[in-house]
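The residues making up each chain are set out below.
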Amino acid sequence: MRRLIRQKDWSETSLGSKNHWPATLSSTVDLITENSFPIAICWGPELTTIYNDAYRPLLGNKTEALGQPFLEIWSEAQNIISPQINQALKGQSSYFKDAEFTLIRYGKPEKAWFDYTYSPLRDARGKIRGVINMVIEVTDKIRAQQKLQEMNETLENRIEQRTAVLEDYKNELRILSYQLNQTKEQERHHLAILLHNHVGQLLDLGLIQLDQLKKEVSQVDIPEKIANLKEIILTANKYTREFVNELKPPPIFEKENIGELLLWLARRMEKYGLKITLEDDGKPKPLTEEVHKILYHSTRELFFNVIKHAEVSEARLTLRRQDSQIQLIVEDMGKGFSMKGKKPTTHNGGFGLFNMQERLDLLGGRLEIKSELGTGTKAVLSAPLKNSTKTTPSIMPEILQQKTASPPRNYDQSTINDPSQLSLPLNWGL
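Bear in mind that the values here come from a model prediction, so they are computed numbers and not experimental data.

Definitions and limits used
Residues numbered from 1 in each chain as written. Predicted model: local features only at pLDDT ≥ 70, side-chain atom pairs only at ≥ 80, totals over all residues. Heavy atoms only, no water. Salt bridge = Lys/Arg side-chain N within 4 Å of Asp/Glu carboxyl O. Buried < 20%, exposed > 50% of the residue type's maximum accessible area, 1.4 Å probe, protein only. Helix = DSSP H or I, 4+ residues; strand = E, 2+ residues; numbered from the N terminus. Pairing = 2+ DSSP bridges. Axes fitted to C-alpha atoms, helices over the stretch in contact; angles between N-to-C directions. Contact = heavy atoms within 4.5 Å. Core = buried A, V, L, I, M, F, W, Y, C linked by side-chain atoms within 4.5 Å. Patch = residues over 30% accessible without salt bridge, like charges linked within 9 Å, V, L, I, M, F, W, Y side chains within 5 Å. Areas by Shrake-Rupley, 256 points an atom, 1.4 Å probe, with all protein chains shown as cover. Phe/Tyr/Trp six-rings, centres within 6.5 Å; stacked < 30°, edge-to-face > 60°. pLDDT = per-residue confidence, 0-100. Lys, Arg positive; Asp, Glu negative; His and termini not counted. Charge placed at Lys NZ, Arg CZ, Asp CG, Glu CD. Parallel < 35°, antiparallel > 145°, perpendicular 65-115°, else oblique. Left-handed = near helix turned anticlockwise from the far one by under 90°. Nonpolar A, V, L, I, M, F, W, Y, C, P; charged D, E, K, R; others polar. Polar contact = N/O pair within 3.5 Å; in protein donor to acceptor, adjacent residues only side chain to side chain.

Draft legend 1. Summary view of the pattern of salt bridges. Throughout the structure, instances matching the rule amount to 14 salt bridges. Where lysine 285 meets aspartate 280, a salt bridge forms, and the shortest distance between an N and an O atom there is 2.8 Å. The exposure class assigned to lysine 285 is buried, which follows from its relative accessible area of 10%. Note that glutamate 311 and lysine 335 form a salt bridge whose closest N and O atoms lie 3.5 Å from each other. In this pair, glutamate 311 is assigned in the loop between helix H8 (289-310) and strand S7 (314-322) and lysine 335 in the loop between strand S8 (325-332) and helix H9 (350-362), connecting sequence segments 24 residues apart. With a relative accessible area of 63%, glutamate 311 lands in the exposed category. Several salt bridges converge on common partners, so that one network encompasses Arg105, Glu110 and Glu137.

Draft legend 2. Geometry of the sheet that holds strand S4 (residues 109-122). Sheet architecture is open: five strands sit in the order S2-S1-S5-S4-S3, paired in antiparallel fashion. Strand pairing shows two members of the sheet lacking a second neighbour, strand S2 (48-51) and strand S3 (94-104), which therefore form its edges. Across the sheet, the axes of successive neighbouring strands diverge by a mean angle of 30°, strand direction being ignored. Sheet topology note: the strand S1 (residues 39-43)/S2 ladder contains four bridges and is antiparallel. Residue pairing in the sheet places cysteine 42 in a bridge with threonine 49 of S2. Sheet contacts for helix H2 (residues 23-33): S1, S2 and S4; angle to S1, the most-contacted strand, approximately 165°. Where helix H4 (residues 78-89) meets the sheet, its contacts fall on S3, S4 and strand S5 (128-137), and the angle it forms with S4 comes to roughly 15°.

Draft legend 3. The nonpolar core, seen in detail. Of all hydrophobic cores here, the largest spans 39 residues; its most connected members are Tyr55 and Phe70. Looking at this core, the elements that each hand over two or more residues are H2, S1, S2, helix H3 (70-73), H4, S3, S4 and S5. Setting aside anything within four residues of it in sequence, one finds phenylalanine 70 in contact with Cys42, Glu46, Leu47, Thr49, Tyr55, Ile81, Ile85, Tyr118 and Asn133.

Draft legend 4. Molecular detail of a nonpolar patch on the surface. Together, Phe37, Met134 and Ile136 make up a nonpolar patch on the protein surface, roughly 230 Å² of accessible area in all. Its location among the elements puts methionine 134 in strand S5.

Draft legend 5. View of the packing of aromatic side chains. Enumeration over the complete set of coordinates arrives at eight aromatic pairs. Here the aromatic rings of tyrosine 51 and tyrosine 55 are separated by 5.6 Å at their centres, their planes lie at 35°, and the arrangement is tilted. The class of tyrosine 55 is buried, set by a relative accessible area of 3%. Seen from their ring centres, tyrosine 116 and tyrosine 118 are 5.4 Å apart, and the 70° between their planes marks the pair as edge-to-face. Residues tyrosine 116 and tyrosine 118 agree in their burial class; the two are buried.

Draft legend 6. Focus on the confidence of the model for the chain. Predicted confidence across the chain gives a mean pLDDT of 80, with 78% of residues reaching 70 or more. Taken together, the stretch residues 391-430 has pLDDT below 50 and engages in 48 contacts with residues farther than four places along the chain or on a different chain.

Draft legend 7. Main features of a positive patch on the surface. A surface patch of like charges, here positive, comprises Arg3, Arg6, Lys18 and Arg56. Here lysine 18 lies in the loop between helix H1 (2-7) and H2.

Draft legend 8. Representation of the packing of helix H7 (residues 258-269) against H8 in the model. Interaxial distance between H7 and H8 falls to 11 Å at its minimum, and their mutual angle equals 25°. On the basis of their axis angle, the class for H7 and H8 is roughly parallel. Classified by chirality, the crossing of H8 by H7 is right-handed. Within the contact between the two elements, H7 uses Ile258, Leu261, Leu262, Trp264, Leu265, Ala266 and Met269 and H8 uses His292, Tyr296, Thr299, Arg300, Phe303, Phe304 and Ile307. Considered class by class, the residues forming the contact of H7 with H8 number 11 nonpolar, two polar and one charged.

Draft legend 9. How the structure looks around the sheet that holds S8. Strand order in this open sheet of five strands is S6-S7-S8-S10-S9, and the pairing throughout is mixed. Across the chains shown, the open sheet's two edge strands, defined by having one partner strand only, are strand S6 (275-280) and strand S9 (366-372). Each adjacent strand pair in this sheet contributes to an overall mean axis angle of 15°, direction not counted. Where S9 lies against strand S10 (residues 376-384), seven bridges are found, and the strand directions are antiparallel. Considered in S10, the bridge of arginine 366 is made with serine 382. Contacts from H7 reach S6, S7 and S8 within the one sheet, and its direction differs from that of S6 by about 165°. Lying over the sheet, H8 contacts S6, S7, S8 and S10, oriented at roughly 10° with respect to S8.

Draft legend 10. Seen up close, the pairing of S3. Looking at chain direction, S3 and S4 are connected through nine bridges and run antiparallel. Bridge pairing in S4 links isoleucine 104 to proline 109. The loop that links S3 with its antiparallel partner S4 comprises four residues; one of these, glycine 107, has a positive phi angle of about 90°.

Draft legend 11. Quick peek at the side chain of serine 298. Here serine 298 is to be found in helix H8. Using a relative accessible area of 0% as the deciding quantity, one classes serine 298 as buried. Polar contacts involving the side chain of serine 298 include one to the main-chain carbonyl oxygen of isoleucine 294, which spans 2.7 Å. Once residues within four sequence positions are removed from consideration, serine 298 is found in contact with Met356, Arg359 and Leu381.

Given below as structure tokens:
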């Protein structure tokens, strides 16, 4: 640009011959041509333009720009830059960042972005004779930012879509978990009914018939054999009743105080070698039937986790009311396990705990597990109380209406050999 400036016939411009330029203009031109930052000088009433090598690429195909009025060179942006230049001619410098323009530099309109300044250019007497324009194009940076923003938005949309899909899967899993547990509960109930009403009645019937038979026989060894047979049936009856209790708590506990039910459960754990210390704050804890069942089965499962994994013979169960929630805390001083921010594995009850969490979460409750190697494990079950304002509305009826479930097994069909349908000899009748 220094060579082009020197060779140009400036007498054809409003600046006149270069030999008659003011010293300020000549020294400023020498200064910018030595500078590697894009700079242009606009001098005189027409704002005749002189620029350096770094400024030249900004012009694109505007090859006749040297010595031309600045506002004609950038005529497509005149409405934006004209007021800014006027401010500089009045003595006010200005700086603009990431300014957007639509320019014609390569034969067609294109968007471009710049960081630039306009500053007043004065002569030796301090009079403003023009404007100095320092500018750097940031189009590549802005386009990269826009591309990144588009990619971020696309990624966010994909994440939202994937999250929505995962949430659907999670809800579906919750529903399936609930249905599985409902089915398990129904099967327990029906099996308990079968054992109690059918097998139990058959055993009771056998005992009664044996007593009658014992009175009717006279041979010496027959009563002894009958006594032995009766002992066998009594043992079978005892085991049947215990099995029924394992499947389902006594009916009296089904809708009664949760504390009484858990006390009964704690006592039953002693037969498995686990002594439970129960602490109850004594406050009323009304629960819905769904929460009542889930807390019972979850606590029972936690007890068995202690038996299987903790390697201890004692544990503590704390039952308390916290505002509108019930809390059950199962603690042991066993070997524990290292969580390290991860969920428990199947070796320490992971799947059961996951299932438990899903059941509680569906009802507005939660499960918290704290454990460290060698220090034991603490499990905290929380669930909303009945008629609590924080209770999550139950979606179970809706689920059962929306989902097609297999009909419950009918244990009272004629294929079941209940006592009333047995074909017994007439002399065995009651």
